[in-house]
Amino acid sequence: MDSLALEQARGWVAEARQIFVLTGAGISAESGVPTFRDALTGLWERFDPEELATEEAYRRQPALVWQWYQHRRELVAAARPNPAHHALAVLARLKSMTLVTQNIDGLHQKAGSEQVVELHGNLFANKWLDGCGRCDTVPPIPGDPPRCAICGAMMRPGVVWFGEDLPRVARFRADHAAESCDLCLVVGTSGLVYPAAALPGVAKENGARVIVVNPKPSALDETADIVLPAPAGECLPLLWPQAV
Ligand code: BV8
């Protein structure tokens with residue numbers, strides 16, 4: 001990695017008054033959590049994640065989609081935060097910072113980050129699809145989503161599917177962070193999913209410096225002032241002091 005770029009990025013972090021961090025699936029790759037586009041390994045490789053992560057797919061094939069989420073829950077439950085997650089938890093103790101994530105794996109929280117803005121929900125949350133408002137579950141048939149004993153509504157994962165609006169409070173907090181920061185740090189995202197992918201551009205338009213950390217080219221590289229082409233677990237601990 002270019003040492004000059006690393007030195008400059010270090011300086012920008014040290015000078016920053018208000019940091020907005022946006023993370024994507026890549027920050028959890030070194031924890032063994034497949035990124036979204038390769039989340040379909042093995043059994044799932046014949047499906048398109050953007051097809052499965054929709055209400056329409058869930059209504060059409062509830063058991064299949066529910067099992068996909070149960071499979072991902074097992075994977076993520078066994079995962080541990082990596083040095084990148086821990087470095088961001090340290091940064092929040094050094095600087096005024098808002099951590100916004102597209103991830104649903106909860107690894108930032110496991111690393112000690114607080115007030116994490118989860119734009120796309122959380123893999124371990126559930127809620128009712130439809131539902132009578134007084135829903136109570138019956139023991140689910142293995143492999144099937146739990147159903148309400150009263151109205152028969154299905155339980156669904158508490159995540160944001162494609163075509164669904166983002167949680168209002170999370171969206172508001174993320175927009176505010178992008179509009180009010182002087183440094184935007186983008187870690188481990190392809191920058192392909194909106195409206196999250198628009199946030200670094202908002203930060204840039206408001207005068208912020210933008211640093212992208214990603215071992216591969218991403219759609220946000222053209223917005224970046226500095227691109228650090230390295231894995232997050234190696235790069236982030238180099239950008240600010242870790243002992244606090
Ligand atoms: C919505 C939860 C409207 C579910 C997810 C323009 C504006 C608004 C919307 C749209 C728009 N254009 C298109 C849309 C629709 C759509 C969209 O963006 N589609 C894309 C595919 C074009 N957006 C939506 O549907 C959103 N909703 O707009 O609603 C609306 C408004 C009002 C009322 C009703 C509706 C909802 C989007 C949220 C979808 N849910 N997740 C689940 O996970 O099952 S998105 C999911 O995919 C992830 O959460 C994540 O956000 C995304 C994947 O992106 P990444 O995180 O970037 O992961 P990816 O695998 O792509 O890339 C990983 C990167 O890491 C790579 O670059 C790789 O190089 C890098 N990497 C690898 N290893 C490392 C690394 N980096 C660092 N270190 C490493 N070691």
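Residues numbered from 1 in each chain as written. Predicted model: local features only at pLDDT ≥ 70, side-chain atom pairs only at ≥ 80, totals over all residues. Heavy atoms only, no water.

Topic: the UniProt feature "binding site: Zn(2+)" (unreviewed entry) in the protein chain
Annotation from UniProt places "binding site: Zn(2+)" (unreviewed entry) at Cys132, Cys135, Cys148 and Cys151. Separation in sequence by 20 residues is not matched in space for these annotated residues, since their most distant C-alpha atoms are only 8.5 Å apart. As for its position among the elements, cysteine 132 is in the loop between β4 (121-129) and β5 (154-159). For cysteine 132, the contacting residues outside a window of four places in its chain are Cys148, Ile150 and Cys151. (UniProt positions renumbered as here; feature names shortened; annotations may be inferred. Helix = DSSP H or I, 4+ residues; strand = E, 2+ residues; numbered from the N terminus. Contact = heavy atoms within 4.5 Å.)

Brief notes about the sheet that holds strand β7 (residues 209-213)
The strand order across the open sheet formed by 6 strands is β3-β2-β1-β6-β7-β8, and the pairing between neighbours is parallel. Since the sheet does not close on itself, it has two edges, and those belong to β3 (117-118) and β8 (226-228), each with one partner. Note that strand β1 (residues 19-23) and strand β2 (residues 97-101) share 5 bridges and pair parallel. Along β2, the bridge assignment pairs phenylalanine 20 with threonine 98. In the packing of helix α1 (residues 3-15) onto the sheet, contacts are made with β1, β6 (183-187), β7 and β8, and the angle to β8 comes to roughly 115°. (Pairing = 2+ DSSP bridges. Axes fitted to C-alpha atoms, helices over the stretch in contact; angles between N-to-C directions.)

Section: the layout of surface pockets
The calculated volume of the second largest pocket comes to roughly 230 Å³. Lining the second largest pocket are 13 residues; nearest its centre among them are Ala92, Met97, Ser113, Glu114 and Gln115. Listing elements by their share of the lining of the second largest pocket, those giving two or more residues are α5 (83-94) and β2. Here the element with the most residues in the lining of the second largest pocket is α5; it accounts for 4 residues. Of the residues in the lining of the second largest pocket, the class split is 5 nonpolar, 4 polar and 4 charged. (1 Å grid on protein atoms, 1.4 Å probe; cavity = no way out; pocket = protein on both sides within 12 Å on 5 of 7 lines; lining within 4 Å. Points joined across faces, edges and corners; volume = space filled by probe spheres on them. Nonpolar A, V, L, I, M, F, W, Y, C, P; charged D, E, K, R; others polar.)

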